[in-house]
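Residues per chain, in single letters:
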Amino acid sequence: MPAVFSSTLLLTVLLAIGLVFFLRAASKDRTTVVDVHSPRPPLEVLNGMIHWLEERGWKQDSGDADRQLLRFSGSVASSQSLAVLLSLYAAVGSGCLGLVVRQLYPLLDWWPLLLIGLGPLAGLLYSNRANRIEAVELRLISASDDEGSTLRLRAHRDELIAMELELSQPLELASDGSLLSSPI
């Protein structure tokens, strides 16, 4: 086997491994817990958050008065443009692998190029893993009219960032700022 073909095969296999890890990362669960504080009364903060969540399509799922917990659920859809892009990348990558195998084993004729058909599987795999039911939990940790209210929020990281950006002014919410400063 010539050195050029073996290095090309190695690079193509590394491309396939990168695609697998990208698929895993794109559909990974990023549920995070963050504590927020507001100087406003708990009822005002909870009503504002409930209204904001319902406007975004979240449905109140359940609650536990003893634990001071509210749960919301919503369906999260996968990005169709990302599914198409992943399918194209997988088709190009598997086509490259087919060309390398064709060069290494000419007796196989053009059959290795049928690997291009594996491309749409990447998009389907991403779509199936990324479509899921997400949950948002609001738990009142401490509440006093003098000191305000402290809530523990458990939700997808992107939802918590949107909540912090949009509700920090009207409800005077403040957290430790780790969501907005984290690179991931």
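Above this note sits the structure.
Treat the numbers as computed from the prediction; the structure is a model and nothing was measured.

Participant: Break down the overall build of the protein chain for me, citing the residues and quoting the values.
Facilitator: Within the protein chain one finds six helices and five strands. N-terminal to C-terminal, the α/β element order of the protein chain is α-β-α-β-β-α-α-β-β-α-α. Against the 2.2 N^0.38 benchmark of 16 Å for 184 residues, the protein chain shows a C-alpha radius of gyration of 24 Å, more extended than a compact globule. Buried residues in the protein chain amount to 34% of all 184 residues. The contacts of the protein chain with a sequence gap of at least 6 include a subset with a gap of at least 24, amounting to 70%. Carbon together with sulfur atoms contributes 62% to the accessible area of the protein chain, which is approximately 11300 Å² in total. Both charge centroids of the protein chain, one from 15 positive and one from 20 negative side chains, sit 11 Å from each other.

Participant: Explain the environment of M49 residue by residue, including any values.
Facilitator: Along the polypeptide, M49 turns up in helix α2 (residues 42-55). Judged by relative accessible area, which is 0%, M49 ranks as buried. The spatial distance from the C-alpha of M49 to the C-alpha of E172 is 12 Å, given a sequence separation of 123 residues.

Participant: With reference to specific residues and values, describe the pattern of salt bridges.
Facilitator: Taken as a whole and judged by the stated rule, the model has seven salt bridges. Here R152 and D35 are joined by a salt bridge, their closest N and O atoms 2.7 Å apart. Pair noted here: R152 is in strand β5 (residues 148-156) and D35 is in strand β1 (residues 31-38), with a separation of 117 residues, a long-range link. Its relative accessible area of 35% is what places R152 among the partly exposed residues. The exposure class assigned to D35 is partly exposed, which follows from its relative accessible area of 36%. E44 is paired through a salt bridge with R40; the nearest N and O atoms lie 2.3 Å apart. For E44, a relative accessible area of 36% gives the class partly exposed.

Participant: So, the pairing of strand β2 (residues 59-64): which residues are in play, and what are the values?
Facilitator: As paired strands, β2 and strand β3 (residues 69-76) are joined by five bridges and run antiparallel to one another. In the sheet register, Q60 faces β3, and the bridge partner there is F72. The hairpin turn running from β2 into β3, its antiparallel successor, is four residues long, and Q68 in that turn takes a positive phi close to 55°.

Participant: Lay out the packing of aromatic side chains with the relevant residues and their values.
Facilitator: Any two aromatic rings considered together are summarised by their centre-to-centre distance and by the angle between their planes. With the rule as written, the count across this model stands at zero aromatic pairs. A cation over an aromatic ring shows up here: R102 above the ring of W110, its NZ or CZ 4.3 Å from the ring centre.

Participant: Quick one: what's the story with helix α3 (residues 80-104), residue by residue and with numbers?
Facilitator: Its 25 residues give α3 an end-to-end C-alpha distance of 36 Å, which sits within 8% of 36 Å, the value for a rise of 1.5 Å per residue. Restricting attention to buried positions, one finds in α3 the residues A83, L86, S87, A90, A91, G93, S94, G95, G98, V100, R102 and L104.

Participant: So, the packing of α3 against helix α4 (residues 119-130): which residues are in play, and what are the values?
Facilitator: Following both chains from N to C, one finds α3 and α4 inclined at 145°, their axes separated by 6 Å at the closest point. Once α3 is placed against α4, the crossing between them reads as right-handed. Contacts between α3 and α4 involve L82, A83, L86, S87, A90, A91 and S94 from the former and G119, P120, A122, G123, Y126 and S127 from the latter. A per-class count over the contact of α3 with α4 returns eight nonpolar, five polar and no charged.

Participant: Account for a nonpolar patch on the surface, with residues named and values stated.
Facilitator: A contiguous nonpolar patch, built from L10, L11, V13, L14, I17 and F21 and spanning about 570 Å² of accessible area, is present on the exposed surface. Secondary-structure assignment places L10 in helix α1 (residues 3-26).

Participant: So, the packing of α2 against helix α5 (residues 157-167): which residues are in play, and what are the values?
Facilitator: For any two helices packed against each other, the geometry comes down to the angle between their axes and how far apart the axes lie. One can describe the packing of α2 onto α5 by two numbers: an axis separation of 12 Å at closest approach and a directional angle of 120°. Judged by the angle between their axes, α2 and α5 are oblique. The two elements α2 and α5 cross, and the hand of that crossing is right-handed. Residues M49, W52 and L53 of α2 form the contact with α5, whose participating residues are E159, A162, M163, E166 and L167.

Definitions and limits used
Residues numbered from 1 in each chain as written. Predicted model: local features only at pLDDT ≥ 70, side-chain atom pairs only at ≥ 80, totals over all residues. Heavy atoms only, no water. Helix = DSSP H or I, 4+ residues; strand = E, 2+ residues; numbered from the N terminus. Rg over C-alpha atoms; globule rule 2.2 N^0.38 Å. Buried < 20%, exposed > 50% of the residue type's maximum accessible area, 1.4 Å probe, protein only. Contact = heavy atoms within 4.5 Å. Areas by Shrake-Rupley, 256 points an atom, 1.4 Å probe, with all protein chains shown as cover. Lys, Arg positive; Asp, Glu negative; His and termini not counted. Charge placed at Lys NZ, Arg CZ, Asp CG, Glu CD. Salt bridge = Lys/Arg side-chain N within 4 Å of Asp/Glu carboxyl O. Pairing = 2+ DSSP bridges. Phe/Tyr/Trp six-rings, centres within 6.5 Å; stacked < 30°, edge-to-face > 60°. Lys NZ or Arg CZ within 6 Å of the ring centre and 35° of its normal. Expected span 1.5 Å × (residues − 1). Axes fitted to C-alpha atoms, helices over the stretch in contact; angles between N-to-C directions. Left-handed = near helix turned anticlockwise from the far one by under 90°. Nonpolar A, V, L, I, M, F, W, Y, C, P; charged D, E, K, R; others polar. Patch = residues over 30% accessible without salt bridge, like charges linked within 9 Å, V, L, I, M, F, W, Y side chains within 5 Å. Parallel < 35°, antiparallel > 145°, perpendicular 65-115°, else oblique.

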